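# Reading the structure
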Amino acid sequence: QVQLVESGGGLAQAGGSLRLSCAASGRTFSSWAMGWFRQAPGKEREYVAVISWSGGSTYYTDSVKGRFTISRDNAKNTVYLQMNSLKPEDTAVYYCAADYDGTWLMVGVGEYDYWGQGTQVTVSS
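This next bit is on the overall build of the chain. Summing up its helical and strand segments, the chain has zero helices and 11 strands in all. The N-to-C order of helical and strand elements in the chain reads β-β-β-β-β-β-β-β-β-β-β. Over its C-alpha trace the chain gives a radius of gyration of 13 Å, about what one expects of a compact globule, namely 14 Å for 125 residues. Seen through its principal axes, the chain has C-alpha atoms that stretch 40 × 25 × 25 Å. Scored against the burial criterion, the 125 residues of the chain give a buried share of 43%. Considering only residue pairs separated by 6 or more positions, the chain has 58% of its internal contacts joining residues 24 or more positions apart. With an accessible surface of roughly 6400 Å², the chain has 47% of that area assigned to carbon and sulfur atoms. With 10 positive and 11 negative side-chain charges, the chain shows a spacing of 7 Å between the two charge centroids.

Here the largest pocket is characterised by a volume of approximately 200 Å³. The class makeup of the residues in the lining of the largest pocket is two nonpolar, three polar and eight charged.

What follows concerns the state of the cysteines. Taken as a whole, this structure holds one disulfide when the rule is applied. Across the disulfide from cysteine 22 sits cysteine 96; the S-S distance is 2.1 Å. Across the disulfide from cysteine 22 to cysteine 96, rotation about the S-S bond amounts to roughly -75°, and the bridge is consequently left-handed. Of the two residues, cysteine 22 sits in strand 3 (residues 18–24) while cysteine 96 sits in strand 9 (residues 92–99), which places them 74 residues apart along the sequence.

Another aspect to go through is the environment of glycine 102. Mapped onto the elements of the fold, glycine 102 is located in the loop between strand 9 and strand 10 (114–115). Sequence separation between glycine 102 and serine 52 is 50 residues; the distance between their C-alpha atoms is 6.8 Å. Beyond its immediate stretch of four places on either side in the chain, glycine 102 contacts Ser31, Trp32, Ala33 and Trp53.

Taking strand neighbours across the sheet as the criterion, the four strands line up as 1-3-8-7 in an open arrangement whose pairing is antiparallel. For this open sheet the edge positions go to strand 1 (4–7) and strand 7 (68–73), each flanked by a neighbour on one side alone. Ignoring which end each strand starts from, the neighbouring axes of this sheet average 15° apart.

This model, assessed by the stated rule, comprises six aromatic pairs. On the basis of an interplanar angle of 70° and a centroid distance of 6.2 Å, the ring pair of tyrosine 100 and tyrosine 114 is categorised as edge-to-face. With tyrosine 100 in the loop between strand 9 and strand 10 and tyrosine 114 in strand 10, the pair connects residues that are 14 residues apart, well separated along the chain. Its relative accessible area of 45% is what places tyrosine 100 among the partly exposed residues. The class for tyrosine 114 is partly exposed, based on a relative accessible area of 30%. For arginine 72, the ring lying beneath its charged end belongs to phenylalanine 29, and the centroid distance is 4.6 Å.

So, how was this worked out
- Residues numbered from 1 in each chain as written.
- Predicted model: local features only at pLDDT ≥ 70, side-chain atom pairs only at ≥ 80, totals over all residues.
- Heavy atoms only, no water.
- Helix = DSSP H or I, 4+ residues; strand = E, 2+ residues; numbered from the N terminus.
- Rg over C-alpha atoms; globule rule 2.2 N^0.38 Å.
- Buried < 20%, exposed > 50% of the residue type's maximum accessible area, 1.4 Å probe, protein only.
- Contact = heavy atoms within 4.5 Å.
- Areas by Shrake-Rupley, 256 points an atom, 1.4 Å probe, with all protein chains shown as cover.
- Lys, Arg positive; Asp, Glu negative; His and termini not counted.
- Charge placed at Lys NZ, Arg CZ, Asp CG, Glu CD.
- 1 Å grid on protein atoms, 1.4 Å probe; cavity = no way out; pocket = protein on both sides within 12 Å on 5 of 7 lines; lining within 4 Å.
- Points joined across faces, edges and corners; volume = space filled by probe spheres on them.
- Nonpolar A, V, L, I, M, F, W, Y, C, P; charged D, E, K, R; others polar.
- Disulfide = S-S within 2.5 Å.
- Pairing = 2+ DSSP bridges.
- Axes fitted to C-alpha atoms, helices over the stretch in contact; angles between N-to-C directions.
- Phe/Tyr/Trp six-rings, centres within 6.5 Å; stacked < 30°, edge-to-face > 60°.
- Lys NZ or Arg CZ within 6 Å of the ring centre and 35° of its normal.

Here it is, written out as C-alpha coordinates:
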(Lines give C-alpha, C1' and ligand atoms only; values in the text may rest on other atoms or scores of the structure.)
Protein backbone atom coordinates (compact mmCIF):
# COMPACT_ATOMS: atom_id res chain seq x y z
CA GLN A 1 0.00 0.00 0.00
CA VAL A 2 1.39 3.37 -1.04
CA GLN A 3 0.73 6.34 1.17
CA LEU A 4 1.71 9.94 0.48
CA VAL A 5 1.53 12.48 3.28
CA GLU A 6 2.01 16.17 2.55
CA SER A 7 3.07 18.79 5.07
CA GLY A 8 4.29 22.36 5.13
CA GLY A 9 1.28 24.22 3.82
CA GLY A 10 -0.13 27.28 5.51
CA LEU A 11 -0.55 31.02 5.20
CA ALA A 12 2.08 33.24 3.60
CA GLN A 13 2.23 36.81 2.46
CA ALA A 14 2.82 37.71 -1.15
CA GLY A 15 6.53 37.57 -1.83
CA GLY A 16 7.08 35.05 0.93
CA SER A 17 8.14 31.43 0.87
CA LEU A 18 6.87 28.01 1.90
CA ARG A 19 8.37 24.56 1.61
CA LEU A 20 6.11 21.59 1.08
CA SER A 21 7.20 18.05 1.89
CA CYS A 22 5.68 14.75 0.85
CA ALA A 23 6.68 11.61 2.71
CA ALA A 24 6.01 8.39 0.85
CA SER A 25 5.73 4.82 1.99
CA GLY A 26 6.83 2.03 -0.31
CA ARG A 27 10.12 0.35 -0.89
CA THR A 28 10.27 1.27 -4.57
CA PHE A 29 9.96 5.04 -4.11
CA SER A 30 13.24 5.59 -5.93
CA SER A 31 11.72 4.21 -9.13
CA TRP A 32 8.64 6.47 -9.13
CA ALA A 33 8.24 9.76 -10.88
CA MET A 34 6.77 12.28 -8.45
CA GLY A 35 4.74 15.40 -8.94
CA TRP A 36 3.13 18.34 -7.23
CA PHE A 37 -0.29 19.42 -8.41
CA ARG A 38 -2.69 22.07 -7.17
CA GLN A 39 -6.38 22.81 -7.28
CA ALA A 40 -7.90 26.21 -6.63
CA PRO A 41 -11.61 26.62 -5.84
CA GLY A 42 -13.72 26.22 -8.94
CA LYS A 43 -10.78 25.16 -11.07
CA GLU A 44 -9.43 21.90 -12.36
CA ARG A 45 -6.43 20.24 -10.79
CA GLU A 46 -3.26 21.27 -12.61
CA TYR A 47 0.32 20.18 -12.56
CA VAL A 48 2.83 22.44 -10.88
CA ALA A 49 6.10 20.51 -11.05
CA VAL A 50 7.23 16.95 -11.68
CA ILE A 51 10.51 15.16 -11.11
CA SER A 52 11.93 11.96 -12.55
CA TRP A 53 12.85 8.94 -10.45
CA SER A 54 16.51 9.99 -10.37
CA GLY A 55 15.86 13.69 -9.89
CA GLY A 56 17.70 14.36 -13.12
CA SER A 57 14.71 15.73 -15.00
CA THR A 58 12.14 18.25 -13.88
CA TYR A 59 9.28 20.10 -15.54
CA TYR A 60 7.49 23.20 -14.28
CA THR A 61 4.31 24.82 -15.37
CA ASP A 62 5.03 28.25 -16.84
CA SER A 63 3.45 30.24 -14.01
CA VAL A 64 5.90 28.91 -11.41
CA LYS A 65 9.14 28.75 -13.40
CA GLY A 66 11.91 30.59 -11.62
CA ARG A 67 9.96 30.68 -8.36
CA PHE A 68 9.36 27.04 -7.39
CA THR A 69 11.85 24.20 -7.13
CA ILE A 70 11.00 20.51 -6.90
CA SER A 71 13.53 18.10 -5.43
CA ARG A 72 13.63 14.65 -3.91
CA ASP A 73 15.63 12.63 -1.42
CA ASN A 74 15.30 8.96 -2.28
CA ALA A 75 17.07 7.94 0.92
CA LYS A 76 14.26 9.61 2.88
CA ASN A 77 11.40 8.70 0.52
CA THR A 78 10.54 12.38 0.39
CA VAL A 79 9.84 14.92 -2.32
CA TYR A 80 9.88 18.66 -1.72
CA LEU A 81 8.48 21.79 -3.30
CA GLN A 82 10.26 25.00 -2.39
CA MET A 83 7.99 27.92 -3.21
CA ASN A 84 9.48 31.40 -3.32
CA SER A 85 8.08 34.78 -4.39
CA LEU A 86 4.60 33.53 -3.68
CA LYS A 87 1.64 35.24 -5.31
CA PRO A 88 -2.04 35.30 -4.32
CA GLU A 89 -2.80 33.25 -7.44
CA ASP A 90 -0.71 30.41 -5.96
CA THR A 91 -3.46 29.90 -3.40
CA ALA A 92 -4.74 26.34 -3.74
CA VAL A 93 -4.73 22.90 -2.23
CA TYR A 94 -1.44 21.28 -3.18
CA TYR A 95 -1.27 17.55 -3.80
CA CYS A 96 1.68 15.21 -4.00
CA ALA A 97 1.36 12.37 -6.50
CA ALA A 98 3.33 9.32 -7.56
CA ASP A 99 3.58 7.72 -10.98
CA TYR A 100 4.36 4.09 -10.27
CA ASP A 101 5.74 3.61 -13.78
CA GLY A 102 8.48 6.21 -13.75
CA THR A 103 9.87 5.33 -17.16
CA TRP A 104 8.70 8.61 -18.68
CA LEU A 105 8.16 11.92 -16.93
CA MET A 106 4.50 12.83 -17.33
CA VAL A 107 2.52 15.94 -16.42
CA GLY A 108 -1.05 14.77 -16.84
CA VAL A 109 -3.20 14.30 -13.75
CA GLY A 110 -4.43 10.97 -15.10
CA GLU A 111 -0.91 9.61 -15.39
CA TYR A 112 -0.38 9.51 -11.64
CA ASP A 113 -1.43 6.49 -9.63
CA TYR A 114 -1.28 7.59 -6.00
CA TRP A 115 -2.25 10.85 -4.35
CA GLY A 116 -1.83 12.49 -0.99
CA GLN A 117 -4.64 14.12 0.92
CA GLY A 118 -3.54 17.62 0.00
CA THR A 119 -2.28 20.60 1.96
CA GLN A 120 -3.72 24.11 1.81
CA VAL A 121 -1.53 27.00 0.71
CA THR A 122 -2.98 30.47 1.11
CA VAL A 123 -1.12 33.57 -0.06
CA SER A 124 -2.39 36.92 1.09
CA SER A 125 -1.79 40.14 -0.81
